[in-house]
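Fold and geometry: a report
Spelled out from the first residue to the last, the chains are:
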Amino acid sequence: MYWELFLEFATPPTERLPCRRCGVALAMDEPCVSSGVFTTVEGVPGRGASKNMHVRCAVDLDAEAVVRLLDRDPLEFVGRAAIDALARARVAAITAANKKRKKPDTTEAPVVERARDPLGRPRVRVLFTGPYRGPESLFVDQTMPGPKHEFVLVRHTSIKSARIDPSQPWIAAVYFQSATDGIATVRGPLLIEWSALGLPPPIIVVTGDSDASKRDALVLSLRKMLAKAGFEADECPALTALSVDDALLEALAAELEARAALATEGPNADREERLVARLEAALDAGPPEAVLPAAKKALRVVGRARVAEKQRVLDGLCRAASVRANTTAIVRATLELSDNQLSEAWLLALARTLLAPEVAHSSAIDALLSRWQRSAEDTEAMPALLVEALEREPPSSARARSAAAWLARLGTKKSRAALRAIIERADTSKSRRTLIELALAPPAAPKKKR
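Everything quoted here is computed from the prediction, not taken from an experiment.

With respect to the helices and strands, Leu-249 occurs in helix α6 (residues 246–262). The class of Leu-249 is partly exposed, set by a relative accessible area of 21%. Dropping the residues within four chain positions of it, Leu-249 is found in contact with Leu-138, Phe-139, Met-144 and Val-244.

Within strand β6 (residues 150–155), six of the six residues are buried, which leaves the element mostly enclosed by the surrounding structure. Burial along β6 is two-sided: the face carrying Glu-150, Val-152 and Val-154 and the face carrying Phe-151, Leu-153 and Arg-155 are both buried. If you look at the hairpin formed by strand β5 (residues 143–145) and β6, you'll find four residues sitting between the two strands.

So, on to helix α9 (residues 307–321). End to end, α9 covers 21 Å across 15 residues, agreeing with the expected 21 Å (1.5 Å per residue, within 8%). Within the span of α9, buried status applies to Glu-309, Val-313, Leu-314, Gly-316, Leu-317, Cys-318, Ala-320 and Ala-321.

Before going further, it helps to examine the pattern of salt bridges. Under the definition given, this model contains 22 salt bridges. Across the pair Arg-68 and Glu-4 runs a salt bridge whose closest N-O atoms are separated by 3.6 Å. Taken as a pair, Arg-68 in helix α2 (residues 63–72) and Glu-4 in the segment before β1 (8–10) lie far apart in primary sequence, 64 residues in all. Between Arg-392 and Glu-393 there is a salt bridge, with the nearest N and O atoms lying 3.0 Å from each other. The exposure class of Arg-392 is partly exposed, given its relative accessible area of 38%. Salt bridges linked by common partners bring Arg-21, Arg-56, Asp-60, Arg-90, Arg-123 and Glu-150 together as one network.

Most of helix α8 (residues 291–299) sits out of view: seven of its nine residues are buried. Of all the positions in α8, only Val-291, Pro-293, Ala-294, Ala-295, Lys-297, Ala-298 and Leu-299 are classed as buried.

Let's shift gears to unusual backbone geometry. As a rule of thumb, non-glycine residues mostly have phi less than zero, and peptide bonds are mostly trans rather than cis. At Asp-141, a residue that is not glycine, the phi angle is positive and equals roughly 50°. Relative to the helices and strands, Asp-141 resides in the loop between β4 (123–129) and β5.

What holds strands together in a sheet is hydrogen bonding between their backbones, with the strands either parallel or antiparallel. Strand order in the open sheet formed by three strands is β1-β2-β3, with antiparallel pairing between adjacent strands. Each having just a single partner strand, β1 and β3 (52–53) make up the two edges of the open sheet. Pairing between β1 and strand β2 (residues 32–34): three bridges, direction antiparallel. Within β2, the residue paired with Glu-8 across the bridge is Ser-34.

A few words now on the packing of α9 against helix α11 (residues 344–355). Following both chains from N to C, one finds α9 and α11 inclined at 25°, their axes separated by 9 Å at the closest point. Classified by the angle their axes make, α9 and α11 are roughly parallel. Here α9 runs over α11; the crossing is right-handed. Two secondary-structure elements touch here, α9 through Lys-310, Val-313, Leu-314, Leu-317, Cys-318 and Ala-321 and α11 through Trp-346, Ala-349, Leu-350, Thr-353 and Leu-354. Counted by class, the contact of α9 with α11 contains nine nonpolar, one polar and one charged residues.

Rules behind the numbers
Residues numbered from 1 in each chain as written. Predicted model: local features only at pLDDT ≥ 70, side-chain atom pairs only at ≥ 80, totals over all residues. Heavy atoms only, no water. Helix = DSSP H or I, 4+ residues; strand = E, 2+ residues; numbered from the N terminus. Buried < 20%, exposed > 50% of the residue type's maximum accessible area, 1.4 Å probe, protein only. Contact = heavy atoms within 4.5 Å. Pairing = 2+ DSSP bridges. Expected span 1.5 Å × (residues − 1). Salt bridge = Lys/Arg side-chain N within 4 Å of Asp/Glu carboxyl O. Axes fitted to C-alpha atoms, helices over the stretch in contact; angles between N-to-C directions. Parallel < 35°, antiparallel > 145°, perpendicular 65-115°, else oblique. Left-handed = near helix turned anticlockwise from the far one by under 90°. Nonpolar A, V, L, I, M, F, W, Y, C, P; charged D, E, K, R; others polar.

In short, the description is geometric, and any link to function would need to be established separately.
Here it is, written out as structure tokens:
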């Protein structure tokens, strides 16, 4: 939030001043830190007017600035060695994480302690864009306390704004918009960067203008803009109000808490890990409508995900496809993967899900089997699944009829032998024998064009 923040040790106060970050009174016999860029923030009693903070609180605000201060000023104080070690560990983790982001490698990223406020709430970060003097005028150092987390709102102005700090990971993005201003289309590239970071659909906050319809129109326009950047527009929450008041800030904190709940607990998680974890969170506890957008996001990174993450995506897709409302969309999204990304194992796993007796029959199986017929080298695995379905399902069911039709196209010597064995059993019904005979019939030759 501050680029190249200059900190200096301040003279211990002669009165009980509150810490700028945590609000707890500064000890009058211990050094604290301050900076000339700290300004008064109206509306935040006590600490909003303070320009001093605990040295430990300053590490969370800017570890790099604290390291520069310690290198520059040899002032001795109780706990200096611990502060020095913590600040340097944070800086080393930041450096390693951003180096790894630019050029991925197999080395383990340094594990660093999560930043927390004095109440123990994890400190997490939120990218935002919007009018000049937005959150800067609302929160001390753009830090917003929530019920379970401490949120740091970082204005996105450049690539440097989005640097990774493993001690306080990114969990959300917010687009602030004034209803009295037009939408700045130059912010479009920032939204694409948000999508690239794997952030969830941004929160839209529109304030100003007594005409609520104007605010609503801006929300629709911003959602279209976010959709072009790769987000699911309908997944972008919108908060609107005539002015910024306590109710709006409480609503924003609630939305940010929801975003933080979906974020992975690992402070060093990369984008692939975050997207896979988000899909799992949506399946476990998220609203049903959040599953499909999360699945689509996870599918976008399977090409560069690790083996374990790919398996987690596949497991999530199978769970999602088993829900009737999601089946067709999940299969369609999966089939958009290239042949190099969509292996036979994936097709087989999804087919097994769609053919399971507890899952409602879906015509989406046809598209999946067409892909198998076109690209799979294994000729036996899929027909074996279809034989199982044909033997198990009632002959009059849509699934049994579909299995018979596809066995006529995909059948092999082995699957046909299995079907004949079923016919020869004494307990096989006449209707099932009739259906199996259709499956054994050779596919009709295509009609010649006249």
